[in-house]
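# Summary of structural features
Below are the chains, spelled out letter by letter.
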Amino acid sequence: MMQEHIAIPACFSSGEKAAAAAAANDDPASITRSGQNVFMSVYRTTIADRRRFITVTWCKNLLLHGLSVSVDGDHHHTSACKVELKPWYFWKKQGSKRFLIDGDKPVDVFWDLKIARFNGETEPTSDYYVAVVCGGEVVLLLGNLKKEAYRKTGCRPALIDPTLISRREHIFGKKKFITRVKFHDKGSFHEISIECKNKSTGPNSPVEPEMEIRIDGHLAVHVKHLQWKFRGNESIHLNKARIDVYWDVHDWLFSPGLRHALFIFKPTLLPALSTSSPPSPPLGSSGGSAESPDFCLFLYAWRVE
């Protein structure tokens with residue numbers, strides 16, 4: 001089957017198609033040139049009798065939202081579907097595309113974003129679906145319009161549910177960075193805020209940088225003397241999981257120009273009757289699914305002066 005040419009969203013690169021592949025693969029230089037938020041979620045599932053990874057990427061600039069769906073194939077080859085969602089191209093907000101993996105296995109991507117609510121975010125929050133279909137099965141389904149997705153694709157749900165294993169976010173800001181994340185694909189959203197500021201303990205005391213990380217408004221990590229503790233890690237508790245938090249803010253403090261800090265959030269399920277450590281007050285609201293031990297959030301915070 002002849003594959004239709006698919007336009008590459010401008011926010012995946014500096015505007016040149018030659019740079020698009022590097023940007024889609026999380027190339028820092030391309031991300032910097034675009035200057036826009038990029039969210040990448042990686043799911044593990046079974047497609048064509050093999051365990052594979054599906055990467056869903058959303059990007060945003062002033063003129064459009066970009067959506068990319070890629071599936072890894074044989075010999076480290078990746079096939080992808082990219083879609084531009086320009087306001088004046090209303091018809092592109094619903095449709096389907098087909099590409100091949102392993103040379104002969106068709107994968108179809110269906111999407112409906114006509115009434116999707118973004119609420120100022122890079123990826124939609126409700127009233128949409130994105131479905132990935134292979135072999136008569138919906139191997140990945142995102143969004144809350146599930147009935148519409150199954151009706152449109154005419155396919156059955158896959159026997160094996162996909163697992164969200166990682167998420168990479170590139171966000172830009174001055175002093176405060178905020179994102180919303182699910183530590184489990186079926187769990188509830190949690191708001192993570194990171195703020196770096198200068199503080200003095202008195203009128204004659206030197207001004208020193210410090211950093212606060214909050215989850216759902218609760219202070220989770222407070223790092224003083226950040227110029228000496230620009231790399232580190234702490235463990236916090238959120239519902240039934242321990243979250244290991246790692247940070248590296250060296251380039252924020254000591255490198256000129258536009259530089260990013262890296263934050264990693266890795267959840268680990270706690271035993272139901274653990275006595276190895278004293279209980280800690282949970283952060284955030286209770287309830288929801290337990291956080292996945294496979295998931296890891298990589299947050300690249302680009303500081304704009």
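Residues numbered from 1 in each chain as written. Predicted model: local features only at pLDDT ≥ 70, side-chain atom pairs only at ≥ 80, totals over all residues. Heavy atoms only, no water.

### Quick look at the confidence of the model for the protein
What counts, and what does not: Confidence per residue, as judged by the predictor, is encoded in pLDDT with a range of 0 to 100. A contact between two residues is defined here by any heavy atoms of the two lying within 4.5 Å.
Residue-level pLDDT values for the protein average 79, and 75% of them are 70 or greater. A low-confidence stretch, residues 1-25 stays under pLDDT 50, and its non-local contacts, those more than four residues away or across chains, total 58 contacts. Confidence drops under pLDDT 50 across residues 273-292; counting only partners more than four residues distant or on other chains, this segment forms 35 contacts.

### Details of the pattern of salt bridges
Note the threshold: Within this document, salt bridges are pairs made up of a side-chain nitrogen of Lys or Arg and a carboxyl oxygen of Asp or Glu, the two lying within 4 Å of each other. By definition, any uninterrupted DSSP run of H or I lasting at least four residues is a helix, any uninterrupted run of E lasting at least two residues is a strand, and each is numbered from the N terminus. Any residue under 20% of the maximum accessible area for its type is buried, any over 50% is exposed, and the rest in between are partly exposed; the area is computed with a 1.4 Å probe on protein chains only.
Here the structure, examined in full by the defined rule, presents 13 salt bridges. Asp 102 is paired through a salt bridge with Lys 105; the nearest N and O atoms lie 3.7 Å apart. The residue Arg 156 makes a salt bridge to Glu 137 at a minimum N-O spacing of 3.6 Å. Separated by 19 residues along the polypeptide, Arg 156 in strand E9 (residues 156-157) and Glu 137 in strand E8 (residues 137-142) bring together distant segments of the chain. Assessed through its relative accessible area of 48%, Arg 156 is described here as partly exposed. Given the relative accessible area of 18%, Glu 137 is considered buried. One network of salt bridges, in which partners are shared, links Arg 52, Asp 102, Asp 104 and Lys 105.

### What about the sheet that holds E8?
Sheets are built from strands paired through backbone hydrogen bonds, the pairs being either parallel or antiparallel. Note the following rule: Strand pairing requires that DSSP identify at least two bridges connecting the strands.
Sheet architecture is open: five strands sit in the order E5-E6-E7-E8-E9, paired in mixed fashion. Edge positions in the open sheet fall to strand E5 (94-101) and E9, since each of these has one partner strand only. The pairing of strand E7 (residues 129-134) with E8 spans five bridges and is antiparallel. When the sheet's bridge partners are listed, Ala 131 is paired in E8 with Leu 141.

### Focus: the sheet that holds strand E12 (residues 190-199)
For clarity, the cut-off: Where helices are involved, their axes are fitted lines through C-alpha atoms of the stretch in contact, as for all axes, and angles between N-to-C directions lie from 0 to 180°.
In spatial order, the strands read E11-E12-E13-E14; together these four strands make up an open sheet with antiparallel pairing. Edge positions in the open sheet fall to strand E11 (176-181) and strand E14 (218-223), since each of these has one partner strand only. Within the sheet, the average angular offset between the axes of one strand and its neighbour, ignoring direction, is 20°. In this structure, E12 lies alongside strand E13 (residues 208-215), joined through eight bridges in antiparallel fashion. Bridging across to E13, Asn 198 finds its partner in Pro 209.

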